[in-house]
Amino acid sequence: MDCALFGSYPKASLGGISWKRENLKKICFSGSYAAGRVSRCRAWDILQRHYAVGSQHQCLKNHTIGTKENFTSYRRHSKKLVVNATTGHPLESEPGAYNPKSIWTTVKNATDAFYRFSRPHTVIGTALSIISVSLLAVENLSDFSPLFLTGVLQAVVAALFMNIYIVGLNQLSDIDIDKVNKPYLPLASGEFSVGTGIMIVTSFVILSFWLGWIVGSWPLFWALFVSFVLGTAYSINVPLLRWKRSAVVAAMCILAVRAVIVQLAFFLHMQTHVYKRPATFSRPLIFATAFMSFFSVVIALFKDIPDIDGDKIFGIRSFTVRLGQKRVFWICIWLLQMAYGVAILVGASSSFMLSKGITVLGHAILALILWNRAKSVDLTSKAAITTFYMFIWQLFYAEYLLIPLVR
């Protein structure tokens, strides 16, 4: 028993372990890679430790029942640990054990895929537009209250849920096209399965309608419903729908949502539901609706310029396919320049000096930046066109910063 607990084993009892020890030591200090040397040395330490266990079992075999089976189990476990050591696996755990780093990587990749799936430029545009239009309902400083924040939050969250449904449904309907035009999107790249995409869009459209219903605001609910109908008709591939195949109808869908519904419905949500005031259509609201009508048409036209290859292959008769990239590009630029010109005139006619100065100067600067950027775009480069399209969205965001100042 003392031998089993404390004693060291003699060389003879190891059945040739001395020879193995010398050879393993040679292996330990040979090899072309440092990692291999460390792993093999760890293997030698494991062999020493487990052969010691084997020796201890020899001392105990006349005193313990089932020693042979236990020794076989130790030897089997020893082999497994040696393999782990030589291949670089952790000695403390089996493959497939809890790995915080692996879990973090999985969560990070899933979050990144969902971020791309949600089309963040549209999410930002939706949130900014609702906040900006909500500010048009503010008549004095006392209107900035928890009631205002609650009303804006209700509208923004419900609208973002619907936004994710619309862009997600579009991706589900355009998987083959996106493999050509936007292979980085998670459905086109295979990061998300079709089932995952369906689960996401279904969950978000239910959440959107649920929130719109419990809020009890009819302008908000109708904004969500009309957006749902138009977004579905725009993308879904069933008879009489998939309106994106028609350039004119596709542009009208985007204009209806971005220019009309966002401005009017969300303004009325704040005006009638939150502040309990009668519906009115003020000068700033009319300006915002008119200006964003121009901008929505530009977005509807411009978004197809970098997608011309996939649209041609799959029979999407966009204006870019019909007229060519260069012509549509400059049509968009001139439409925006016209919109900025009108905005400067509206700002100049304001009776509030601060509003007049900021809106005139702000729109003039944006028009100048747009013109300078447009002249330097390489229309033969898809990357350059896509970058400029994202710049158009930045101008869209900037306009919603100026709209609340129009008085």
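These numbers come from a predicted model, not from an experiment.

Some details on the nonpolar core
If you look at the biggest cluster of nonpolar residues, it comprises 92 residues, and the most contacted ones within it are F295, F329, Y340, L370, F388 and I392. Counting residues per element, this core draws most heavily on helix α12 (residues 247-274), which supplies 15 residues. Those residues in contact with Y340 that lie beyond four places of it in its chain are F291, F295, H363, L366, A367, L370, L395 and E399.

Focus on the packing of helix α7 (residues 146-173) against helix α11 (residues 218-235)
One way to put it is that α7 packs onto α11 with a least axis distance of 9 Å and a crossing angle of 10°. Accordingly, the angle class assigned to the pair α7 and α11 is roughly parallel. Of the residues in α11, those in contact with Q154, A155, A158, A159, M162, Y165, I166, L169, N170 and S173 of α7 are L220, L224, S227, F228, G231, T232, Y234 and S235. Split into classes, the residues belonging to the contact of α7 with α11 amount to eleven nonpolar, seven polar and no charged.

Brief notes about unusual backbone geometry
Backbone geometry places L240, a non-glycine residue, at a positive phi of 75°. When you line up the elements, L240 lands in the loop between α11 and α12. In this structure, K276 takes a positive phi of about 60° despite not being glycine. Under the relative-accessibility criterion, K276 is labelled exposed at 63%.

Some remarks on the packing of aromatic side chains
According to the stated counting rule, one finds 27 aromatic pairs in the structure shown. Put simply, the rings of F287, F291, F295, Y340, W393, F396, Y397 and Y400 touch in pairs and so form one group of aromatic residues. Positioned over the ring face of Y275 is R277, at 4.4 Å from the centre of the ring. A cation over an aromatic ring shows up here: R373 above the ring of F391, its NZ or CZ 4.2 Å from the ring centre.

A closer look at the side chain of K182
Relative to the helices and strands, K182 resides in the loop between α8 (175-181) and α9 (186-189). A polar contact of 2.7 Å, which involves the side chain of K182, links it to the side chain of D307. Here K182 is in contact with R119, A188 and D307, once residues within four sequence places are set aside.

Examining the confidence of the model for the protein chain
Here the protein chain averages 81 in pLDDT, and 76% of its residues register 70 or above. Overall, residues 1-93 carries pLDDT values under 50, and its contacts beyond four positions in sequence, including any with other chains, amount to 71 contacts.

A few points about the packing of α12 against helix α18 (residues 382-402)
Closest axis-to-axis distance for the α12/α18 pair is 15 Å, and the angle between their directions is 25°. It follows that α12 is roughly parallel to α18 by the angle criterion. As α12 runs across α18, the sense of the crossing is right-handed. In contact with R258, V262 and Q263 of α12, α18 contributes W393, F396 and Y400.

What counts and how
- Residues numbered from 1 in each chain as written.
- Predicted model: local features only at pLDDT ≥ 70, side-chain atom pairs only at ≥ 80, totals over all residues.
- Heavy atoms only, no water.
- Core = buried A, V, L, I, M, F, W, Y, C linked by side-chain atoms within 4.5 Å.
- Buried < 20%, exposed > 50% of the residue type's maximum accessible area, 1.4 Å probe, protein only.
- Helix = DSSP H or I, 4+ residues; strand = E, 2+ residues; numbered from the N terminus.
- Contact = heavy atoms within 4.5 Å.
- Axes fitted to C-alpha atoms, helices over the stretch in contact; angles between N-to-C directions.
- Parallel < 35°, antiparallel > 145°, perpendicular 65-115°, else oblique.
- Nonpolar A, V, L, I, M, F, W, Y, C, P; charged D, E, K, R; others polar.
- Phe/Tyr/Trp six-rings, centres within 6.5 Å; stacked < 30°, edge-to-face > 60°.
- Lys NZ or Arg CZ within 6 Å of the ring centre and 35° of its normal.
- Polar contact = N/O pair within 3.5 Å; in protein donor to acceptor, adjacent residues only side chain to side chain.
- pLDDT = per-residue confidence, 0-100.
- Left-handed = near helix turned anticlockwise from the far one by under 90°.

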